[in-house]
Amino acid sequence: ADLAKNFEPYRILWETAARMAHDADVWFDGAFLDPGLTYDNVDRSTQDWIRVMVGLANKQFRDPVFEKPKQVAAAVKTRAEGIRQHLPLIQALRTEGMQERHWVKVAAETSCPEVAHPTMALTLNRLLALGIEKHIEALMTISNQASAEHRIEVDLNGYENAWKPIEFDLLPHKDTGTYVLRGTEDIIQLLDDQLIQVQNLRGNPHIGLLESRRKQWEDLLTLLRATLDAWLKCQMAWLYLEPIFASDDIKKQLLEEAKRFAQVDQSWRAIQDKVLHMPKVIPTMKREKTGLLKLFNECNATLDHIQG
């Protein structure tokens, strides 16, 4: 038991040294774009190694008789501190959101064209040999832009993903053989919330190249809002007039109005049938574009004329 206890500090020392040697080789000579090479991983590992080495030097190896292992612990600590000197470079270039357009900027800022289109052959040692580290301030500026753009992309992706399960909910209406739209409250709530959020993104100083995508989504939501408003207006009038013009007597008394309502009724049924078979909200809007809004506006104009 005493032998094992006495050996334990040496085990910790050599296992830590071996782990550091292995990881350092991977970080410096392995692929710089490897998912495992991140600021957090390097920061956490080197801090742990330094903490362990300091502990060994100040406790288990503090007696002069342990000078040799203490020197090894000091060397491991020094190596870990040396690795940490490159953390700013790792943080800048391995930040989430770095895309090819950002690497092109890196190449321009550092006058190192070979990094414009990095591959898995690029290593940290190669970057250091190119002298890129001396441009760290410019690299951090590019990195911050990439991170900010990435957060915007995450937001935009989240907006789109939120709509994936959302469908127009159509309910058969009595014995008319057609349908009416119901349950629009949740759709309108999501729609209005996202419109505010996506409009706020317009003022983001980092929107840059993502403005086109942001604008497309805002336009789609704005079109959806206008379409829903026109749809619900049309539905209210249709629900009111349908039972009236279902009467043969009324049709005979109001021939012109009945003819106009029949045109609206035909359009209404065609729209509901089309949406019923493809009820997903966003795919429907992308497919129909302004088509639904135009049809509902035409129907509403006719219905207004009938009721006028």
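Below is a summary of the structure that appears in this document. Not measured: the values here are computed from a predicted model.

Of the regular secondary structure elements, the protein holds 13 helices and 2 strands. A compact globule built from 308 residues would reach a C-alpha radius of gyration of about 19 Å, whereas the protein, at 33 Å, exceeds it by more than 25%. The dimensions of the protein, computed from C-alpha atoms along their principal axes, are 115 × 55 × 30 Å. With 308 residues in all, the protein has 39% of them scored as buried. Across the protein, every contact between residues at least 6 apart in sequence was considered, and the portion connecting residues at least 24 apart equals 75%. Within the structure as shown, the protein displays about 17,200 Å² of accessible surface, and the carbon and sulfur contribution to it stands at 54%. Averaging the positions of the 38 positive and the 44 negative side-chain charges in the protein gives two centres separated by 2 Å.

Counting 44 residues, the largest nonpolar core has Trp163 and Phe168 as its most contacted members. Elements that contribute at least two residues to this core include exactly α7 (136-163), β2 (179-182), α8 (185-200), α9 (211-245), α11 (255-277), α12 (281-288) and α13 (291-307). Ranked by the residues each element gives to this core, the list is headed by α9, at 13 residues. In this structure, Met20, Phe28, Ile83 and Leu139 belong to the second largest nonpolar core, which totals 37 residues.

Per the counting criterion, the structure on display carries 8 aromatic pairs. Look at tyrosine 10 and phenylalanine 61: their rings are 5.4 Å apart centre to centre, the planes differ by 55 degrees, and that puts the pair in the tilted class. Here tyrosine 10, found in helix α1 (residues 2-29), pairs with phenylalanine 61, found in the loop between α2 (39-58) and α3 (67-84); they are 51 residues apart in sequence, far enough to count as distant. You can call tyrosine 10 partly exposed: its relative accessible area is 27%. We classify phenylalanine 61 as buried; its relative accessible area is 1%. Site record: aromatic cluster; members linked through ring pairs are Phe168, Trp231, Trp238, Trp268 and Phe296. Over the ring of phenylalanine 28 we find arginine 79, and its NZ or CZ is 5.3 Å from the ring centre.

The rules behind each value
- Residues numbered from 1 in each chain as written.
- Predicted model: local features only at pLDDT ≥ 70, side-chain atom pairs only at ≥ 80, totals over all residues.
- Heavy atoms only, no water.
- Helix = DSSP H or I, 4+ residues; strand = E, 2+ residues; numbered from the N terminus.
- Rg over C-alpha atoms; globule rule 2.2 N^0.38 Å.
- Buried < 20%, exposed > 50% of the residue type's maximum accessible area, 1.4 Å probe, protein only.
- Contact = heavy atoms within 4.5 Å.
- Areas by Shrake-Rupley, 256 points an atom, 1.4 Å probe, with all protein chains shown as cover.
- Lys, Arg positive; Asp, Glu negative; His and termini not counted.
- Charge placed at Lys NZ, Arg CZ, Asp CG, Glu CD.
- Core = buried A, V, L, I, M, F, W, Y, C linked by side-chain atoms within 4.5 Å.
- Phe/Tyr/Trp six-rings, centres within 6.5 Å; stacked < 30°, edge-to-face > 60°.
- Lys NZ or Arg CZ within 6 Å of the ring centre and 35° of its normal.

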